[in-house]
Amino acid sequence: MTGQPNVVLVHGAWADGSCWSGVIERLQADGYTVTAPQFPESSLAADVARLRQVLHRQDGPTIVVGHSYGGQIMTALGTDAPNAVGLVYIAAFGLDEGESLGALAAQGPPTPALAHLDIDAAGFAWLPEEDFVKHFAADVDPVKARVMYAVQQPIAASAFDDVMGVPAWKSLPTWFLVATADEAIPPEGERQFAARMGATTIELASSHVAMVSHPDEVAQFVETAAMAVTSRS
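Predicted model only: the values in this text are computed from it and were never measured.

A. Looking closely at the sheet that holds strand β6 (residues 124-126). With antiparallel pairing, 3 strands are arranged side by side in an open sheet as β5-β6-β7. Each edge of the open sheet is held by one strand with a lone partner, namely β5 (118-119) and β7 (155-156). Sheet topology note: the β5/β6 ladder contains 2 bridges and is antiparallel. From the neighbouring strand, D118 faces β6, where its bridge partner is W126.

As structure tokens, then:
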């Protein structure tokens, strides 16, 4: 590969593409072509279709970066990941074949950030403001965290029942950032995801939304992955 790969950033549940703003600014300043699309989160299939749509629009090799449920989306690309040459997980889910988010969550009590999900009449799950500010985005300035709360993208509760097929991480190189102060996904769970992937792993003293509270470190980690796939080609 010559030149820098493109970067596609995949937001998770209760977030939208704007959560990547700080990372986008840094990557663009370093010459990367970056896309951070919005995902409907109406079903895993719909989200994967959106990601494939965006990947098809890339003009060459692409690093895909997923946060939280965004990791579920990019993992579900399976063996059909157009233009993707590497996966970067930021405090994200990295399920294996036959697993589901719901079954995983059932293994223990809900984490503080997800303890009071509000399921609306349409079957979409929302985070209450207090849990969002104090636990989901615990190390973000409360004023900014409340803005993030206001633009949260709810997720269809049915998505927790979707079973993973062949995961994309089995055929692509992976990187994983563990957020050690995460109150949405247990840090030990993140370590387990990373270990079975054989991912290049770093740990960061961060809340669940590391890309918001630590954009420098997240952008640098993405660039580390980008440089690694470039050197391998």
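B. Structural detail: the sheet that holds strand β2 (residues 34-35). The strand order across the open sheet built from 6 strands is β2-β1-β3-β4-β8-β9, with neighbouring strands paired in parallel fashion. Looking at which strands have only one partner, the edges of the open sheet turn out to be β2 and β9 (200-204). Relative to strand β3 (residues 62-67), strand β1 (residues 6-10) is paired through 5 bridges, and the arrangement is parallel. Looking across to β3, one finds that V7 is bridged to I63. Relative to strand β8 (residues 174-179), helix α9 (residues 215-232) is tilted by about 165 degrees, and along the sheet it contacts β1, β3, β4 (84-90), β8 and β9.

C. Local environment of helix α2 (residues 44-57). Across its 14 residues, α2 extends 20 Å between first and last C-alpha, which sits within 8% of the 20 Å expected from 1.5 Å per residue. For α2, the set of buried residues is L44, D47, V48, L51, V54 and L55. Each buried residue of α2 sits inside an arc of 120 degrees when the element is viewed along its axis, so together they form one side. Exposed residues on α2 whose side chains face more than 90 degrees from its buried face are A45, H56 and R57. Buried-residue contacts for α2 involve β1, β2, β3 and α3 (69-75).

D. Molecular detail of the side chain of S207. With respect to the secondary-structure elements, S207 resides in the loop between β9 and α8 (210-213). Within the structure, the side chain of S207 is placed 2.4 Å from the side chain of D139, a separation counted as a polar contact. Beyond its immediate stretch of four places on either side in the chain, S207 contacts F136, A137, A138, D139, A179, A181, D182 and S213.

E. Molecular detail of the pairing of β4. Most of β4 is tucked away, with 6 of its 7 residues classed as buried. Pairing geometry for β3 and β4, over 6 bridges, is parallel. Of the residues in β4, the one forming a bridge with V64 is L87. Read from β3 through α3 to β4, the crossover connection turns out right-handed. In this sheet, β8 lies alongside β4 in parallel orientation, the contact comprising 4 bridges. Paired with V88 across the two strands is W175, which belongs to β8.

F. Representation of the packing of helix α1 (residues 21-29) against α9. For the pair α1 and α9, the least separation of the axes is 9 Å and the interaxial angle reads 50 degrees. Between α1 and α9, the angle falls in the class oblique. In this structure, α1 meets α9 at a crossing whose hand is right-handed. Listed contacts from α9 to G22, V23, R26 and L27 of α1 are P215, D216, V218, A219, V222 and E223. Partitioning the contact of α1 with α9 into residue classes produces 6 nonpolar, 1 polar and 3 charged.

G. Geometry of the packing of helix α5 (residues 129-136) against helix α6 (residues 142-150). Between α5 and α6, the shortest axis-to-axis distance is 9 Å and the interhelical angle comes to 130 degrees. One element, α5, and the other, α6, form an angle in the oblique class. Pair α5 / α6 crosses with right-handed handedness. Contact residues: E129, F132 and V133 in α5; P142, A145, R146, M148 and Y149 in α6. Split into classes, the residues belonging to the contact of α5 with α6 amount to 6 nonpolar, no polar and 2 charged.

Conventions and cut-offs
- Residues numbered from 1 in each chain as written.
- Predicted model: local features only at pLDDT ≥ 70, side-chain atom pairs only at ≥ 80, totals over all residues.
- Heavy atoms only, no water.
- Pairing = 2+ DSSP bridges.
- Helix = DSSP H or I, 4+ residues; strand = E, 2+ residues; numbered from the N terminus.
- Contact = heavy atoms within 4.5 Å.
- Axes fitted to C-alpha atoms, helices over the stretch in contact; angles between N-to-C directions.
- Expected span 1.5 Å × (residues − 1).
- Buried < 20%, exposed > 50% of the residue type's maximum accessible area, 1.4 Å probe, protein only.
- Arc of directions from axis to C-beta.
- Polar contact = N/O pair within 3.5 Å; in protein donor to acceptor, adjacent residues only side chain to side chain.
- Right-handed = clockwise from strand over helix to strand, strands pointing away.
- Parallel < 35°, antiparallel > 145°, perpendicular 65-115°, else oblique.
- Left-handed = near helix turned anticlockwise from the far one by under 90°.
- Nonpolar A, V, L, I, M, F, W, Y, C, P; charged D, E, K, R; others polar.

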